[in-house]
Amino acid sequence: MPINNNPAQPPELPPLALYIHIPWCIKKCPYCDFNSHAVRGEIPEQAYVKTLLADLNHEREAAQGREISSIFIGGGTPSLFSASAIAEILHGADKIVPFASNIEITMEANPGTFEQQRFEGFKAAGVNRLSIGVQSFNDQHLALLGRVHSSAEAIKAISAAQRIGFAHINIDLMHGLAEQIPAQAMQDLATGLALGTDHLSWYQLTIEPNTEFHARPPTLPDLDVLWDIQQRGQALISDAGFNQYEISAYAQADSQAQHNINYWQFGDYFGIGAGAHGKLSFWDTQKNSLEVHRRWKKRSPKAYLNSVDLIGGQNLITADELPFEFMMNALRLTDGVPTQFYQQRTGQSLASIEKELQLAQRKGLLQVDQRIAPTKQGALFLNDLLEYFV
């Protein structure tokens, strides 16, 4: 495949999103490796709101004229914050870096009754998409996962969000749980799909370092059971009218998560909040080249709140690292990304990785025409495919 393109031209910078991290939760789940902290005493809500907006104000020049196209408020459990605090964050952020008129604003929420009472206020604040962390509709499995809600509360929360008028709702579900048999995993899916939401995140439980499950691992289903669950589950999801557009993301027509797509298409994003990570692109006029930087904030909520300099660290993604960084995201998408995105978002010509592309194509793992995308085989063996770009 001949490739002729010149990377030494100022590219159009990618879309810009905003990730807001709220680190507190009622209880730390035993499988969770995110930067989350169980609430002890009163959450310093107002101080944190003030620091978040100062954080974004410090980042604002890196917007370089771009609007914010999507926002994801994650955690922790962001729905522990009051609706007025969420409104203050969003209204303040819009004044610092203007929002696009069609902006998607997603907020993670847990199904507990306490948070349900706030859903209407979150919608009034500007949140237009909820991601509800159900994980399972089986009370026994919820207890094993350390969740603090019941199946009935989860169903009630989703129904409440729909009644309030949230048109876009994601349900988070796990499979491959301790003591789970395929029939139970299918029942979880059937229950979730019957609720009529437009998006589903369905992913296998994995044991991560620095978690309670890593220290005391539960006995998980064997590989044959996991494969059975995966095959049966994907068929059930497809029959319900959902399209798998990413490894663990399924959506009804026109309901893909735009914020997550921006990540996978190697877009830019600010990360504000304790431990939040961001990725930003800059055109270096002296070197006549694109530079891609990662930046992260101080991880401890206390340190984040009490520091003048909120930066925990930052680094330049080197030219040698960019192919893997780009492909690690882009190849999660079932349909991949437009071919021109590689040059636009890494500053490198596609010709610079032509050898790797051809090797992956010959192995039947990759297709390259107007798009760079994994084949069905490549999606199944994604780690093997990514090895070509290390």
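Structure's up top.
Attention here is on the structure that accompanies the text. (Residues numbered from 1 in each chain as written. Predicted model: local features only at pLDDT ≥ 70, side-chain atom pairs only at ≥ 80, totals over all residues. Heavy atoms only, no water.)

1. Quick notes on the environment of Ile26
The test is simple: Strands are runs of DSSP state E lasting at least 2 residues, helices are runs of H or I lasting at least 4, and numbering of each runs from the N terminus.
Residue position: Ile26 is located in the loop between strand S2 (24–25) and strand S3 (37–38). C-alpha of Ile26 to C-alpha of Val39: the two residues are 13 residues apart in sequence and 5.6 Å apart in space.

2. Observations concerning the nonpolar core
Note on soluble globular proteins: their nonpolar side chains tend to be buried together. Quick reminder of the rule: What we call a nonpolar core is a set of buried Ala, Val, Leu, Ile, Met, Phe, Trp, Tyr and Cys residues that are connected through their side-chain atoms within 4.5 Å. Using a 1.4 Å probe on the protein chains alone, a residue whose accessible area is under 20% of its type maximum counts as buried, one over 50% counts as exposed, and one in between counts as partly exposed. Only heavy atoms matter for contacts: two residues are in contact if any of them lie within 4.5 Å across the pair.
Ile71, Phe81, Ile86 and Leu200 are the most contacted members of the largest nonpolar core, which totals 65 residues. Counting residues per element, this core draws most heavily on helix H2 (residues 83–96), which supplies 8 residues. Not counting chain neighbours up to four residues away, the residues in contact with Phe81 comprise Ile22, Trp24, Ile43, Glu45, Tyr48, Val49, Ile86, Ile89, Arg118 and Phe122. Counting residues in hydrophobic clusters, the runner-up holds 33 residues, among them Leu13, Tyr342, Ile353 and Leu366.

3. Regarding a nonpolar patch on the surface
The condition that has to hold: The patches reported here contain residues having more than 30% relative accessible area and no salt bridge. Joining distances are 9 Å for like charges and 5 Å for nonpolar side chains (Val, Leu, Ile, Met, Phe, Trp, Tyr). In this description, accessible areas are obtained by the Shrake-Rupley approach with a 1.4 Å probe, and a residue is regarded as covered only by the protein chains that are shown. Between Lys or Arg on one side and Asp or Glu on the other, a salt bridge is scored when a side-chain nitrogen of the former is within 4 Å of a carboxyl oxygen of the latter.
Judged by side-chain polarity, Trp227, Leu380 and Phe381 come together as a nonpolar surface patch covering roughly 340 Å² of accessible area. Inspection of the secondary structure puts Trp227 in helix H9 (residues 223–239). Taking relative accessible area as the criterion, Trp227 reaches 47% and is therefore assigned partly exposed.

4. Here's the deal with helix H6 (residues 151–164)
Condition: Multiplying one less than the number of residues by 1.5 Å gives the expected span of a helix.
A rise of 1.5 Å per residue sets the reference length of H6, with its 14 residues, at 20 Å; its end C-alpha atoms lie 20 Å apart and thus fit the reference within 8%. In the stretch just after H6, Gly165 is the one whose phi turns positive, near 120 degrees.

5. What to know about unusual backbone geometry
The step from Gly75 to Gly76 runs through a cis peptide bond, and the omega angle for that step is 20 degrees. If you trace the backbone, Gly76 turns up in the loop between strand S4 (68–75) and H2. In this structure, Glu179 is a non-glycine residue whose phi angle is positive, near 65 degrees. Along the chain, Glu179 falls in the loop between strand S7 (168–175) and helix H7 (182–194). One non-glycine residue, Asn210, lies in positive phi territory at about 65 degrees. Within the secondary structure, Asn210 is located in the loop between strand S8 (199–204) and helix H8 (212–215). Residue class for Asn210 comes out exposed when judged on its relative accessible area of 77%.

6. Things to note about the pattern of salt bridges
Enumeration according to the criterion identifies 10 salt bridges in this entry. Between Arg332 and Glu246 there is a salt bridge whose closest N-O contact spans 2.4 Å. Here Glu246 lies in strand S9 (residues 243–246) and Arg332 lies in the loop between helix H12 (322–330) and strand S15 (337–338), a separation of 86 residues in the sequence. Between Asp268 and Lys279 there is a salt bridge; the shortest N-O distance is 2.7 Å. Of the two residues, Asp268 is situated in strand S11 (residues 268–272) and Lys279 in strand S12 (residues 277–284); the sequence distance between them amounts to 11 residues. The two residues Asp268 and Lys279 agree in class, both being buried. In the salt-bridge network here, residues are joined through shared partners; they are Asp55, Glu59, Arg295 and Lys297.

7. Here we look at the layout of surface pockets
The line we're drawing: Each cavity reported here is a set of points on a 1 Å grid over the protein atoms alone in which a 1.4 Å probe fits but cannot get out, each pocket an open set with protein on both sides within 12 Å along at least five of seven lines, and each lining residue one with an atom within 4 Å of a point. Grid points are joined across faces, edges and corners, and a volume is the space filled by probe spheres set on the points. In this count, Pro and Cys sit with the nonpolar residues alongside Ala, Val, Leu, Ile, Met, Phe, Trp and Tyr, while Asp, Glu, Lys and Arg are called charged and the others, Gly among them, polar.
Volume-wise, the second largest pocket comes out at about 330 Å³. Lining the second largest pocket are 17 residues; nearest its centre among them are Ser69, Asn102, Glu104, Gln256 and Gln258. For the lining of the second largest pocket, the secondary-structure elements that each account for two or more residues are S4, strand S5 (99–109) and helix H10 (258–264). For the lining of the second largest pocket, the class distribution of residues is 3 nonpolar, 10 polar and 4 charged.

8. Things to note about the sheet that holds strand S16 (residues 366–368)
The test is simple: Paired strands, in this sense, are two strands between which DSSP finds at least two bridges.
An order of S15-S17-S16 is seen for the 3 strands of this open sheet, with the pairing classed as antiparallel. Edge positions in the sheet fall to S15 and S16, since each has one partner strand and no second. Pairing geometry for S16 and strand S17 (residues 371–374), over 3 bridges, is antiparallel. Residue pairing across strands places Leu366 opposite Pro374, the latter belonging to S17.

9. Here we look at the pairing of S5
As a reminder of what qualifies: Seen with its strands pointing away from the viewer, a crossover is right-handed when the path leading from the first strand over the helix to the second is clockwise.
With 8 of its 11 residues buried, S5 lies for the most part within the structure. Note that S4 and S5 share 5 bridges and pair parallel. The partner of Phe72 across the bridge, within S5, is Thr106. Once the chain exits S4 it traverses H2 before rejoining the sheet at S5, and the crossover so formed is right-handed. The pairing of S5 with strand S6 (residues 129–135) spans 4 bridges and is classified as parallel. Within the sheet, the bridge partner assigned to Thr106 lies in S6 and is Arg129.

10. A short note on the environment of Gln187
Tracing the sequence through the fold places Gln187 in helix H7. In sequence terms Gln187 and His37 are 150 residues apart; their C-alpha atoms lie 31 Å from each other.

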